[in-house]
Every structure is written in C-alpha cells, then in structure tokens.
Amino acid sequence: LRELLISDSAEAHERRWQLELESIAEWHGHTRLPRVRRASADEMFATCSAVVLAAASGVPPIGSSEDVRLAQLAPNRGILQDALRRAREADFAGLFLVVSDPVEILAQAAFHDSNADVAGRFTGTGLAPERIAGLALAVMWARALACARERGWEAEVRRRGAPFGPHSTEVVVFDDVVNP
C-alpha cells in the first residue's frame, strides 16, 4: 500500500482517523508505512483499488437488551447505500470491503443494493459478488489470537488455526484445523 485515503462525514472524526493512523510506526524498523491523507468519498471511489466501509451508527446504550448488531442494521445500511451511490457514480472498479455491523448482512446488502434499480428490481449492473467482502472473521480471528496470546498459545494458533462461522457468539476458532 502506498497511500490510505480516509473520509468521514464528520470532519472531527476524519481528523481523528488521520491522527491515529499517522501515529502508527515501527520502532527502528525498515517497513515503510503508507501515507495517510484525508480525501472526499468521491475521490476515494474514483482512485482507490479498495474501499473499506467502517460505519458505526445506531449503537444502543450499554446495558440495553437490544441486539447490538441488529440495532445497527438500518442506520449502517443507510450509510452503505450512500457509499454505493458514490461508487456507482464514480464507476468504481475495486474491492468493496465491509467491517461494519452486522457485517454479513451488510455485505449481502452491498451486492443486492448495488444491483437494484429504484423499484428494487435486479439489474446486474452493480458490484459483482467477488468484489464484495465482509471482514467479520478477520475481527474474530484477531480476538481469538488475543485470547491465545494470554494463554501462551498464539504462535501455534496463528500457524495452524482458523475461524469459521458468523461474526457472533456462534463463531468457532480452531487452534489446529487438522487436529483440533
């Protein structure tokens, strides 16, 4: 990666993203990290090879009995639909990656919504399914590695393990996929 473009609907959030991402450094290393700069969403869709949707809207308060992921579906889908409109207008040809909850449902919605006309009829003119990915298992994998690290198992789990299932309490992570 040569450059990371960041865009947020709130300028303060965008500045925070930039500050946090530019604060990542390798100590005495030789790894060259990508340049980080703020850009409009339109520029991102016009110039990037991959766009990551990271929306967090409609999170219920702590202690709520409401399913946190499902409570975020409608507001995050609204953000998704705006992103898909921008992608369509820019003739976006890259990967569309979703990390927002509920990840699986939003990744599926990205395919359906980008391929539907205003009446909801399938057109096939939007994003192809192979260009859309929900990255839920990547998050669950990172959480599993954190747990394995606490127990001293990280190296083995990283080498032989893998996560399977939905991004939820139903995910299963094997320490060794050949001999669990």
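Residues numbered from 1 in each chain as written. Predicted model: local features only at pLDDT ≥ 70, side-chain atom pairs only at ≥ 80, totals over all residues. Heavy atoms only, no water.

A. Main features of the pattern of salt bridges. One pass over the structure, following the stated rule, counts 16 salt bridges. When the shortest N-O distance is used, the salt bridge between aspartate 82 and arginine 85 registers 2.6 Å. Highlighted residues: aspartate 82 and arginine 85, both in helix α4 (residues 73-89), separated by 3 residues, approximately one helical turn. Where arginine 160 meets aspartate 176, a salt bridge forms, and the shortest distance between an N and an O atom there is 4.0 Å. Linking arginine 160 in helix α7 (residues 154-160) with aspartate 176 in the segment after β7 (172-174), this pair joins segments that are 16 residues apart in sequence. Owing to a relative accessible area of 39%, arginine 160 belongs among the partly exposed residues under this scheme. In the salt-bridge network here, residues are joined through shared partners; they are Asp42, Asp82, Arg85, Arg86 and Glu89. (Salt bridge = Lys/Arg side-chain N within 4 Å of Asp/Glu carboxyl O. Helix = DSSP H or I, 4+ residues; strand = E, 2+ residues; numbered from the N terminus. Buried < 20%, exposed > 50% of the residue type's maximum accessible area, 1.4 Å probe, protein only.)

B. Expanded view of the side chain of serine 100. By the element assignment, serine 100 lies in the loop between β4 (95-98) and α5 (103-114). Take serine 100: its relative accessible area is 2%, and that puts it in the buried class. Looking at serine 100, its side chain comes within polar contact range of the main-chain oxygen of leucine 53, at 3.2 Å. From its side chain, serine 100 meets the backbone nitrogen of alanine 55 in a polar contact 2.5 Å long. Those residues in contact with serine 100 that sit more than four places away from it in its chain are Leu53, Ala54, Ala55, Asn76 and Leu106. (Polar contact = N/O pair within 3.5 Å; in protein donor to acceptor, adjacent residues only side chain to side chain. Contact = heavy atoms within 4.5 Å.)

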